[in-house]
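Read off the chains here:
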Amino acid sequence: MSIKKEPQTINEQSPSDLLHKLKGAEQRLADSQHLHNALIESIGDGLIIVNEYGVINEINKAALDMLGYDREEMIGEWLPRALPSKDKDGNDLPPTERPSLKSLITGHPETAITTYTRKDGSNFPVSGTAAPLMVEGKPKGSIIVFRDFSREVLVERAKNEFVSLASHQLRTPITSILLYIGLIKYDEKGLSAEIKDYLKRIEMSAQSMQQLVGDFLNISSLELGGVEARPIPIDLIELINDQISEIIGLAADAGVKISFSEPKEPATVSTDPALLGQAIHNIMTNAIRYKATSAAEIKIKIKKQPQNYVITVADNGIGIPEDSQHKIFQRLYRADNAVKQHTQGTGLGLYLVKKIVETLGGKIWFESQENVGTTFFIQLPKNRFKLPVIESMQR
Ligand code: ADP
């Protein structure tokens, strides 16, 4: 006969059993605490954990080394006060714009390149991601992982300086090639048809080289911060009409109709007309290049929002294939259908447009369907720049 043993209740356990179990639990707790600390310390990147109010609960050695603080100086402090952060233009980031607090608000990971200030007051660029710590579906804190981005910034700067220098040096010989081609063409009566054809091809190649070098120069200048945005109050309607008159000949040659629904009231913004003009020009020339085979048209509109204006440029052209859409603003990227339609492109125009629009404090996006058409949207703040102070761009 077997005797069924009932589970022991605490009351039935001897004091020595209880003590033994308590010690075991204590040991396991200590082990897990050691493991937790070892995990945090073994991460080579800086790591900070804040609670739901943004107060620092944890910070690892890598973070302390980068920032020059002792642990005691950071634990229990409010992150935005303990660790000031600036955006890429050198402006203080408001607490709600910091990835750590943003991730608490949105409940999603937030990534950004910002600047941290060390204890000694010096600044350094960091690339960081803050992910919310979710407990029962609610953000109860945020874990921030960051690394020093100085090296990448230096490499990027050196690369841009090289591109800028090379483009400058290339501009003069290309201009002379085009000048001499022009001189030969001026008096081309004695030339055979074959030579004329060769000349035409040389001219086209030199023109695309000139375009490429110009784009490289513009991009590297923007990225190096060598371009100063010169905001003045302008009427968007006038600026768009100026841009239309610049490309109307090109559009007519290509058989593209352009229409602009002008708003009744002036659309005044404080922005840099040269930079914005260049962005709109690029979008419009793309709409002509990637036009429909018949009844091609471009429709331009301005929509008013409380804080912004949105310029839309819609075409009924070849469209952007769905699998290319996420790459369209990348440097040098061209979709296959675009390469077929226009072999000479550089894939730099939209990259430049995005840089310009961001420099002007705006946003750019598009909607597109292959063989139906593409609409680009440029959203501009009405008053990003406070006149008369001229802000220089720091990139
Ligand atoms: P490029 O026109 O020299 O190729 P861009 O940077 O201006 O370079 O444009 C990048 C790519 O975006 C183009 O190659 C094309 O694939 C796509 N694209 C841009 N605008 C349009 C448009 N209006 N319609 C269709 N595709 C477009």
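On a predicted model such as this, the values are computed, not experimentally measured, just so you know. All chains use their own residue numbering, which begins from 1 and follows the written sequence. This being a predicted model, a pLDDT of at least 70 is required before a residue's local features are given, and a value of 80 or more before pairs of side-chain atoms are given or counted; all residues contribute to the totals for chains, interfaces and linings. To obtain the side-chain values, all non-hydrogen atoms of the structure were included, while hydrogens and water were left out.

**Student:** Explain the overall build of the protein residue by residue, including any values.
**Tutor:** A run of H or I in DSSP becomes a helix once it reaches four residues, and a run of E becomes a strand once it reaches two; helices and strands are each numbered from the N terminus. When helices and strands are tallied, the protein shows eleven helices and 13 strands. Since a compact globule built from 395 residues should have a radius of gyration of about 21 Å, the 30 Å found for the protein marks it as more spread out than a globular shape. Considered along the principal axes of its C-alpha atoms, the protein spans approximately 115 × 55 × 50 Å. Only protein chains enter the accessibility calculation, which uses a 1.4 Å probe; a residue is then buried when its area is under 20% of its type maximum, exposed when over 50%, and partly exposed in between. Buried residues in the protein amount to 38% of all 395 residues. C-alpha atoms define the radius of gyration in this analysis, and the globule rule sets the expected value at 2.2 Å times the number of residues to the power 0.38.

**Student:** Which residues make up the packing of helix H8 (residues 236-254) against helix H9 (residues 273-289), and what values go with them?
**Tutor:** Running from N to C, H8 and H9 point in directions that differ by 30°, and their axes come no closer than 10 Å. Crossing of H8 against H9: the hand is right-handed. Residues Leu236, Leu239, Ile240, Gln243, Ile244, Glu246, Ile247, Leu250, Ala251 and Ala254 of H8 touch H9, and the partners they reach there are Pro273, Leu276, Gly277, Ile280, His281, Met284, Thr285 and Ile288. Gly falls in the polar group here, along with every residue not listed as nonpolar (Ala, Val, Leu, Ile, Met, Phe, Trp, Tyr, Cys, Pro) or charged (Asp, Glu, Lys, Arg). Of the residues that constitute the contact of H8 with H9, the class distribution is 13 nonpolar, four polar and one charged. All axes are obtained by fitting lines to C-alpha atoms, using only the stretch in contact for helices, and the reported angles, taken between N-to-C directions, cover 0 to 180 degrees. Left-handed describes a crossing whose near helix is turned anticlockwise from the far helix through less than a right angle; right-handed describes the clockwise counterpart. For this analysis, residues touch if any pair of their heavy atoms sits within 4.5 Å.

**Student:** Before we move on, could you go through the sheet that holds strand E5 (residues 123-135) and cite the residues and values that matter?
**Tutor:** What makes two strands pair is DSSP finding at least two bridges between them. Strand order in this open sheet of six strands is E2-E1-E6-E5-E4-E3, and the pairing throughout is antiparallel. In this open sheet, the two edge strands, each paired with only one partner strand, are strand E2 (56-59) and strand E3 (85-86). In this sheet, E2 lies alongside strand E1 (residues 46-51) in antiparallel orientation, the contact comprising three bridges. Within E2, the residue paired with Ile48 across the bridge is Ile59. Of the strands in this sheet, E1, strand E4 (110-117), E5 and strand E6 (138-148) are in contact with helix H5 (residues 99-106), which crosses E6 at around 150°.

**Student:** Outline the domain arrangement of the protein, supporting the account with residue identities and numerical values.
**Tutor:** Domain limits in this description derive from either an automatic procedure or a database domain assignment. Domain annotation of the protein identifies domain 1 (27-148), domain 2 (153-223) and domain 3 (232-381). The interface is formed by twelve residues belonging to domain 2 together with eleven residues belonging to domain 3. Buried area is a sum: the accessible area each of two parts loses on coming together, probed at 1.4 Å, counted once for each and added. The contact between domain 2 and domain 3 buries some 1,000 Å² in all, and 66% of this surface belongs to carbon and sulfur atoms. Ranking the residues of domain 2 by area buried against domain 3 places Asp215, Ile219 and Leu222 at the top, with a combined share of 45%.

**Student:** Let's hear about the site of the ligand: which residues, and what values?
**Tutor:** In the region of the ligand, 20 residues are neighbours, and Asn286, Tyr290, Arg334, Thr346 and Leu350 sit closest. Each polar contact in these results corresponds to two N or O atoms within 3.5 Å; when the atoms are within protein, one needs to be able to donate a hydrogen and the other to accept it, and residues that are neighboring in sequence are counted only if both atoms are side-chain atoms. Asp315 places a side-chain nitrogen or oxygen 2.8 Å from a nitrogen atom of the ligand. Here an oxygen atom of the ligand and a backbone polar atom of Gly349 are 3.1 Å apart. Each accessible area is a Shrake-Rupley estimate made with a 1.4 Å probe; only the visible protein chains count as cover when residues are assessed. Relative to its unbound accessible surface of 530 Å², the ligand loses 99% to contact with the protein. In terms of residue count, the dominant contributor to the shell around the ligand is H9 (three residues). For the shell around the ligand, the residue count by class is ten nonpolar, seven polar and three charged. Proximity is defined per residue: if any heavy atom of the residue lies within 4 Å of a molecule or strand, that residue is considered near it.

**Student:** Break down a nonpolar patch on the surface for me, with residues and values.
**Tutor:** Taken together, Ile177, Ile202 and Met209 make up a surface patch of nonpolar side chains, about 250 Å² in accessible area. Within the secondary structure layout, Ile202 lies in helix H7 (residues 193-224). The patch calculation keeps residues exceeding 30% relative accessible area without a salt bridge and links them within 9 Å when they carry like charges or within 5 Å when they are nonpolar (Val, Leu, Ile, Met, Phe, Trp, Tyr). Salt bridges are identified by distance alone: a Lys or Arg side-chain nitrogen within 4 Å of an Asp or Glu carboxyl oxygen.

**Student:** If you had to explain the sheet that holds strand E13 (residues 373-381) to someone new, which residues and values would you point to?
**Tutor:** Strand pairing in a sheet is mediated by backbone hydrogen bonds. Such pairs are either parallel or antiparallel. Within the open sheet, the five strands sit side by side as E8-E10-E11-E13-E12. Their pairing is mixed. Sheet topology places strand E8 (257-261) and strand E12 (363-369) at the edges, where each strand pairs with a single neighbour. Taken pair by pair, the neighbouring strands of this sheet meet at an average axis angle of 15°, ignoring direction. Bridge count between strand E11 (residues 308-315) and E13: eight bridges; the pairing is antiparallel. Paired with Ile311 across the two strands is Ile378, which belongs to E13. The sheet contacts of H8 involve E8, strand E10 (297-304), E11 and E13, and relative to E8 the element is tilted by about 170°.

**Student:** Requested: an account of H8, with residues and values cited.
**Tutor:** Any helix carries an expected span of 1.5 Å times its number of residues minus one. Under the 1.5 Å per step criterion, the end-to-end length of H8 is 26 Å for 19 residues, consistent within 8% with the ideal 27 Å. Fitting axes to the seven residues that end at a residue and to the seven that start at it, the angle between those axes gives the bend at that residue. The largest bend in H8 is about 50°, located at Ile247.

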